[in-house]
Amino acid sequence: MLAYLNSVILCAAAASALLLPGEESVGTATQRKSLDRASLETMSRTLLGECGRCGDDEIKAIGHVILNRLKSGRYGHEIADVVTYKRKGVYAFSTWDPRWRNEAAGPHVDRSKAFIRAWGLAEAVWQEERDPTGGAVNFYHPASMKIRNSVPHWAKHRKGLRIGGAIFFR
């Protein structure tokens, strides 16, 4: 009996580890609370900076990458940590790299139509149950690569999923 209870406790702990901040497990369902304003703004700015001119499906897919990274815990435990994560001095989301001039990090972007659109899409991603990326934690835009036909080292020899103009990887 004790072994059974320990396995139930371990299963419950493992399941709770897969919850995002703001989620609660209720029976077999997961309920998401609303995202705090600062996190929603950070996510919206990131989506705008990464692909503000892309289609809704691609923007939402990138939003899911942010949530998948958050859920994994390997890139930080807050959205701000996830989107400003650096490895070997390289930002995962170029929006936050100070070497790049990016309007999404500017002080007045929150008044733009593009930001309002990104905000709405960030809210939608937060509430969505289905992840169109299948759990992706990486993506890139082939069209934005400086050298034609270049591929990031982490994407070489891996099959990705194309959504819009981006390719997503688990």
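No experiment lies behind these values; they were computed from the predicted model shown. (Residues numbered from 1 in each chain as written. Predicted model: local features only at pLDDT ≥ 70, side-chain atom pairs only at ≥ 80, totals over all residues. Heavy atoms only, no water.)

Draft legend 1. Spotlight on the sheet that holds strand 5 (residues 138-140). Within the open sheet, the three strands sit side by side as 5-7-6. Their pairing is antiparallel. Each edge of the sheet is formed by a strand with only one pairing partner; in this case those strands are strand 5 and strand 6 (161-163). This sheet shows a mean twist of 30 degrees between the axes of neighbouring strands, independent of strand direction. For strand 6 and strand 7 (residues 166-169), the ladder comprises three bridges, and the chain directions are antiparallel. Within strand 7, the position partnered with Ile 163 by the bridge is Ala 166. (Pairing = 2+ DSSP bridges. Helix = DSSP H or I, 4+ residues; strand = E, 2+ residues; numbered from the N terminus. Axes fitted to C-alpha atoms, helices over the stretch in contact; angles between N-to-C directions.)

Draft legend 2. Region of interest: the side chain of His 64. Relative to the helices and strands, His 64 resides in helix 3 (residues 56-72). In contact with His 64, not counting residues within four places along its chain, are Val 125, Glu 128, Arg 130, Asp 131, Pro 132, Thr 133 and Ala 136. (Contact = heavy atoms within 4.5 Å.)

Draft legend 3. Highlighting the environment of Thr 42. When you line up the elements, Thr 42 lands in helix 2 (residues 37-51). Considered as a pair, Thr 42 and Asp 81 are 39 residues apart in the sequence and their alpha carbons are 10.0 Å apart. Not counting chain neighbours up to four residues away, the residues in contact with Thr 42 comprise Ile 79, Ala 80, Val 83 and Trp 96.

Draft legend 4. How the structure looks around the nonpolar core. By size, the foremost hydrophobic cluster in this structure holds 33 residues, and its most contacted members are Met 43, Leu 47, Ile 66, Phe 93 and Phe 168. Looking at this core, the elements with two or more residues in it are helix 2, helix 3, helix 4 (79-83), helix 5 (113-127) and strand 7. (Core = buried A, V, L, I, M, F, W, Y, C linked by side-chain atoms within 4.5 Å. Buried < 20%, exposed > 50% of the residue type's maximum accessible area, 1.4 Å probe, protein only.)

Draft legend 5. Expanded view of the pattern of salt bridges. A full pass over the atoms with the stated rule returns four salt bridges. Between Glu 128 and Lys 60 there is a salt bridge whose closest N-O contact spans 2.8 Å. On the criterion of sequence distance, the pair formed by Glu 128 in the loop between helix 5 and strand 5 and Lys 60 in helix 3 is long-range, its members being 68 residues apart. (Salt bridge = Lys/Arg side-chain N within 4 Å of Asp/Glu carboxyl O.)

Draft legend 6. Representation of the environment of Lys 86 within the structure. For Lys 86, the location among the structural elements is in strand 3 (residues 86-87). Along the backbone, Lys 86 and Trp 96 are ten residues apart, and their C-alpha atoms lie at a distance of 9.9 Å.

Draft legend 7. Inspection of the confidence of the model for the protein chain at higher detail. Taken as a whole, the protein chain shows an average pLDDT of 78; of its residues, 74% reach a score of 70 or greater. Under a pLDDT of 50 for its full length, residues 1-19 has, in the predicted model, six contacts with residues more than four places off or in other chains. Across residues 25-31, where pLDDT falls below 50, the model places ten contacts with residues more than four positions away in sequence or in other chains. (pLDDT = per-residue confidence, 0-100.)

Draft legend 8. Quick look at the packing of helix 3 against helix 5. The interhelical angle for the contact between helix 3 and helix 5, taken along N-to-C directions, is 55 degrees, at an axis separation of 9 Å. The pairing of helix 3 with helix 5 is recorded here as oblique in orientation. With respect to the hand of their crossing, helix 3 and helix 5 are arranged in right-handed fashion. Residues Asp 56, Ile 59, Lys 60, Gly 63, His 64 and Leu 67 of helix 3 lie in contact with helix 5, whose contacting residues are Arg 117, Leu 121, Val 125 and Trp 126. Among the residues making up the contact of helix 3 with helix 5, the classes are represented as five nonpolar, two polar and three charged. (Parallel < 35°, antiparallel > 145°, perpendicular 65-115°, else oblique. Left-handed = near helix turned anticlockwise from the far one by under 90°. Nonpolar A, V, L, I, M, F, W, Y, C, P; charged D, E, K, R; others polar.)

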